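Structural characterization, general
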Amino acid sequence: MIRAIRTADGAATLTLRQVGEDLIEADAVGPGAGRALDEAPGLTGALDDPDTFRPRDDVVRELWRRYRGVRLTRAPVLPVLIAAILEQKVTGAEARGAWRGLVFATSERAPGEAPVWLPPDPDRVAATPSYVFHRFGVEARRADVVRAVCSRAARIEGLGSSEDLQTWLRAHRGIGPWTTAETARLAVGDPDAVSVGDFHLPDLVAWTLAGEPRADDARMLELLEPYRGQRGRLQVLLEAGGATAPRYGPRTEIRSIAGL
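Residues numbered from 1 in each chain as written. Predicted model: local features only at pLDDT ≥ 70, side-chain atom pairs only at ≥ 80, totals over all residues. Heavy atoms only, no water.

**Side note on the overall build of the chain**
Using the following cut-off: The way it works is that DSSP assigns letters per residue, a run of H or I at least four long becomes a helix, a run of E at least two long becomes a strand, and they are numbered from the N terminus. A radius of gyration in this sense is built from C-alpha atoms; the matching globule rule multiplies 2.2 Å by the number of residues raised to 0.38. A simple rule labels every residue: compare its accessible area, found with a 1.4 Å probe on the protein chains alone, to the largest value its type can have, and call it buried under 20%, exposed over 50%, or partly exposed in between. Between two residues, a contact is recorded if the distance between any of their heavy atoms is within 4.5 Å. Areas reported as accessible are Shrake-Rupley estimates using a 1.4 Å probe. Residue values count occlusion only from the protein chains shown.
Along the chain, the regular secondary structure elements total 13 helices and three strands. Taken over C-alpha atoms, the radius of gyration comes to 19 Å for the chain, in line with the 18 Å a tight globule of 260 residues would show. Taken along its principal axes, the extent of the C-alpha atoms in the chain is 50 × 50 × 30 Å. Here the chain holds 260 residues, and the buried ones make up 43% of them. Within the chain, contacts between residues separated by at least 24 positions form 58% of all contacts whose residues are at least 6 apart in sequence. Of the roughly 13700 Å² of accessible surface on the chain, a fraction of 52% belongs to carbon and sulfur atoms.

**Brief notes about the nonpolar core**
To be explicit about the condition: Grouping buried Ala, Val, Leu, Ile, Met, Phe, Trp, Tyr and Cys residues that are joined through side-chain atoms within 4.5 Å yields what is termed a nonpolar core.
Judged by nonpolar contacts, the single largest core of 41 residues is most densely connected at Leu14, Leu102, Phe133 and Val146. Those residues in contact with Phe133 that sit more than four places away from it in its chain are Leu102, Val125, Thr128, Val138, Ala143, Val146 and Arg147. Judged by nonpolar contacts, the second largest core, of 17 residues, contains Leu63, Ala206, Leu224 and Leu237.

**Topic: the sheet that holds strand E3 (residues 23-29)**
Rules: Strands pair, by our definition, only if DSSP identifies at least two bridges between them. Interaxial angle, 0 to 180 degrees, is taken between N-to-C directions of lines fitted to C-alpha atoms, where a helix line uses only the stretch in contact.
Here we have three strands laid out as an open sheet, ordered E1-E2-E3, and antiparallel in their pairing. Single-partner strands in this sheet number two, and they are strand E1 (2-7) and E3. Taken over all neighbouring pairs, the strand axes of this sheet differ in orientation by 30° on average, direction set aside. With six bridges joining them, E1 and strand E2 (residues 10-20) adopt antiparallel strand pairing. Bridging across to E2, Ala4 finds its partner in Thr13.

**Overview of empty space enclosed by the protein**
To find the voids left in a structure, one rolls a probe of water-molecule size over its atoms. Note the cut-off: Computed over the protein atoms alone on a 1 Å grid, cavities are sets of points where a 1.4 Å probe fits but cannot get out and pockets are open sets with protein on both sides within 12 Å along at least five of seven lines; a residue lines them when it has an atom within 4 Å of a point. Grid points are joined across faces, edges and corners, and a volume is the space filled by probe spheres set on the points. Residues are grouped as follows: Ala, Val, Leu, Ile, Met, Phe, Trp, Tyr, Cys and Pro are nonpolar; Asp, Glu, Lys and Arg are charged; every other residue, Gly included, is polar.
Counted by the stated rule, this structure contains one cavity of 30 Å³ or more. Within this model, the largest cavity holds a volume of roughly 30 Å³. Trp64, Val70, Arg71, Leu72, Arg233, Val236 and Leu237 are the residues that line the largest cavity. Of the residues contributing to the lining of the largest cavity, the split by class is five nonpolar, no polar and two charged.

**Re the pattern of salt bridges**
Oppositely charged side chains can pair when the atoms bearing their charge come close. Here is the rule we go by: Salt bridge criterion: a side-chain nitrogen from Lys or Arg within 4 Å of a carboxyl oxygen from Asp or Glu.
Tallying each qualifying case throughout the model produces 18 salt bridges. We note a salt bridge from Glu108 to Arg6, for which the minimum N-O separation is 3.2 Å. With Glu108 in the loop between helix H4 (92-106) and helix H5 (122-126) and Arg6 in strand E1, this residue pair connects regions lying 102 residues apart in the sequence. What makes Arg6 partly exposed here is its relative accessible area of 26%.

Below, the structure written as C-alpha cells:
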C-alpha cells in the first residue's frame, strides 16, 4: 500500500509491504518521512485491540472466524473527515469523483517516484470558492462544510480522543451522526462508532443478524445493542462479509450538478 500524507514536518509518501503473517515493513520519503513512519502502526491497524470483541451468536462467530484479521485503523483526521462530508447523501461514485476533483484542484504530487497525490491542502481548500466545488459535483452546502472544517484544521487534528472528536463534530453545523461515526471509526479507530443514517447499513444488519430484508436505524441499533462498545467493529465485520439484503427497487441514480 502506498499512502501520501501531510505532516507537521511536510509532505511524505509512505509505502507499506506485508512481509510476513504479522509483519509489515514501512518505508517513507519526503520532508515528513519520520512523522509518516510514526503513523504507520495506526494505518495498519497495529494499535487496534480486537481481543476485546466477543461474538454472541453463530452468525457473528463465523464472521469473526473468517475476518478476525480485519483491523480498525487510525489516520490523520482531516482527510477522513473531508471524504466523509463529500459522501453525504450521494452515491459512492459521486463521492469518489468529488474527492478526485478536490485533490487535483487543491493539492500536488507526493514526494518520491510513486504516482500519488497528497490529500487536499486545508489552507487552499478553505480559500476555494463554491463555484470551483460545483465543477466536480459538490453543491454549496457540502462545499461550505468542507471549507469550514479546513479552516479549523489544526484544531481538528489536535482533538486527541474519539469522545472529544465526536463532541466537536456533533456541534458543527452540517455534520451529523453518520459523518461523525465514519470519521471516528476510520480516523481514530473507535470500535463503537456505528454509522447511523447510512442508506444500506440498516438493511445489511437486519438481513445478516435477523433475516429481515428491510430495517430503519432504530431496528439496526436494537439488533446491535448486545454489542454496545463494539458496534463499529461489528459494522466492519458485516461489510467485510459481503452479504447484501434483497433489492426490490432501482439503484440510486447517479446525478451530475457540474453542468448546471
